[in-house]
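Residue-level listing of the chains:
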Amino acid sequence: MHKASVWVSLVVGLVLGFVGGRTFAPVPAKVAEAPRAPSAAAAPPSARQRPPISPVVYKVPVDGSLIQGSESALVTLVEFSDYECPFCSRGHGTVKQLQQRYGDKLRLVMKHLPLDRHPRARPAALAALAAGEQGRFWEFHDVLFSNPRAQQEEEDLERYAKELKLDVERWKKDRVDPKLAERVRRDENLARLVGATGTPAFFVNGRFINGAQPVEVFTGVIDEELAKAEALVKGGVPRAEVYARTIERGVDRPPAPPAPAEGARQQVEVGKAPSRGPANAPVTLVAWSDFECPFCSRAVPTLKTLEKEYEGKLRVAFKHQPLPNHPNAKLAAAASLAAHEQGKFWEFHDLLFANQRQLERPALEGYAKQLGLDVARFNQALDSGKFDAVIAEDSREGTRVGAGGTPTFFINGRPILGAVPVDQFRRVIDEELKQAGVATR
């Protein structure tokens, strides 16, 4: 097969999802926690075709952020990252390679984007910023990425502070300083503005790179930007002004995606499914999901954003569609319903999506204990098989209305397939609210 045809096939495959289980992938133009990079064994680096990077330049300011490297560097790499994100850890290694390769031609700007499904990410970000108040941000930053996510509990963070010989009492005080929390919020707001809704996200002189891509992807873009920057310098632009000149005509935000073709409205009932939000809300969103599906986990922060924005106007319900290619998905679904019997479905839901690689029975029992459930009652409910019929019925209903893959959503019966950008949900919700005569956000 011709190389170009292979690349086109790969792209189409990502958009349509995995064939076996019909898992719907998110739209590639938006950032999500990056999928695993292709194995180097599949093709030597020289044979791999790097994905095209858009020439669009975004206005990504660097003021108020932690910067490593010279102000006169010709290329600025802005990173939005999350210390609990495994793909960010992988991206951190790539950034280290780039710094070694390009030296003083490259500067790194760190911005924080702690994801909701990573409960330790925000405390870790504040811990690193507090270390920065004593001039040790980058050392703390490196320590966080060099340790597994399981080693970022409070005692671990304090141990890192001691190992770096920080004034620990001052560090503790700085961690709760509102000004540091505000810095994180500013980074989060900027990320949303420029379309970086997941981690890691990078901007090379304003050009967006999605996820923990192979180093060749970065070097290709950096080399292009270096050539442009050197031309500016030859034209009389001071080296320290290259970044500002490069982004001054950039865009503030990505263009709104075109409205996708929409399937027919379906008759979808909440029934006894776990739900939150007013029962009489003018808009009801029913999700068919799978706790082992990576694309389903990417939709979790999107739904939380919508619940906040449309509080009192939106009801969200959850139904199960465990896919056959996910061996632990059905057991996880049953466990969530066992937690639901004790009033903790959504808390259990969040833990499952935050720990998708740990969904075996002992892990599920551990989550039940963590949430303070009656573990004996939880185990008895799981052992009884009482939820098999509920899960099977959810799955049959999902297949009937067109939710054979995950995630699939219905907003007042109007289908949305896949972990699509939040604006696509907003458009449908706003239309439904308008039709009901209710004010939007």
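1. Notes on the pairing of strand 5 (residues 207-210)
Okay, so step 1: Relative to strand 5, strand 4 (residues 201-204) runs antiparallel, the two being bridged by four bridges. Following the sheet pairing, F203 is matched in strand 5 by F208.
Okay, so step 2: The turn linking strand 4 back onto strand 5 is made up of two residues, and N205 within it adopts a positive phi angle of 45 degrees.

2. Re the packing of helix 2 (residues 86-102) against helix 8 (residues 215-234)
Okay, so step 1: At a minimum axis separation of 10 Å, helix 2 and helix 8 run at an interaxial angle of 40 degrees. On the basis of the axis angle, helix 2 is oblique to helix 8. Where helix 2 crosses over helix 8, the handedness of that crossing is right-handed. Contact residues: helix 2 offers T94, Q97, L98, R101 and Y102, while helix 8 offers V215, F218, T219, I222, D223 and L226.
Okay, so step 2: Of the residues belonging to the contact of helix 2 with helix 8, the class tally is six nonpolar, three polar and two charged.

3. Examining the confidence of the model for the protein chain
Okay, so step 1: Of the residues in the protein chain, 86% have a pLDDT of 70 or more, and the chain-wide mean is 88.
Okay, so step 2: Here residues 25-48 scores under 50 on pLDDT; set against residues more than four positions off or in separate chains, the count is 60 contacts.

4. Digging into the sheet that holds strand 5
Okay, so step 1: Ordered by their spatial adjacency, five strands build an open sheet running 1-3-2-4-5, and the pairing between neighbours is mixed. Strands with a single pairing partner mark the edges of an open sheet, and in this sheet they are strand 1 (66-68) and strand 5. Pairs of neighbouring strands in the sheet enclose a mean axial angle of 20 degrees, with direction left out of account.
Okay, so step 2: Here strand 1 runs beside strand 3 (residues 106-112); their pairing, made up of three bridges, is antiparallel. Residue pairing for strand 3: I67 is matched across the bridge by V109.
Okay, so step 3: Helix-sheet contacts for helix 8 involve strand 2 (75-81), strand 3, strand 4 and strand 5, and the interaxial angle to strand 5 is about 175 degrees.

What counts and how
Residues numbered from 1 in each chain as written. Predicted model: local features only at pLDDT ≥ 70, side-chain atom pairs only at ≥ 80, totals over all residues. Heavy atoms only, no water. Pairing = 2+ DSSP bridges. Helix = DSSP H or I, 4+ residues; strand = E, 2+ residues; numbered from the N terminus. Axes fitted to C-alpha atoms, helices over the stretch in contact; angles between N-to-C directions. Parallel < 35°, antiparallel > 145°, perpendicular 65-115°, else oblique. Left-handed = near helix turned anticlockwise from the far one by under 90°. Contact = heavy atoms within 4.5 Å. Nonpolar A, V, L, I, M, F, W, Y, C, P; charged D, E, K, R; others polar. pLDDT = per-residue confidence, 0-100.

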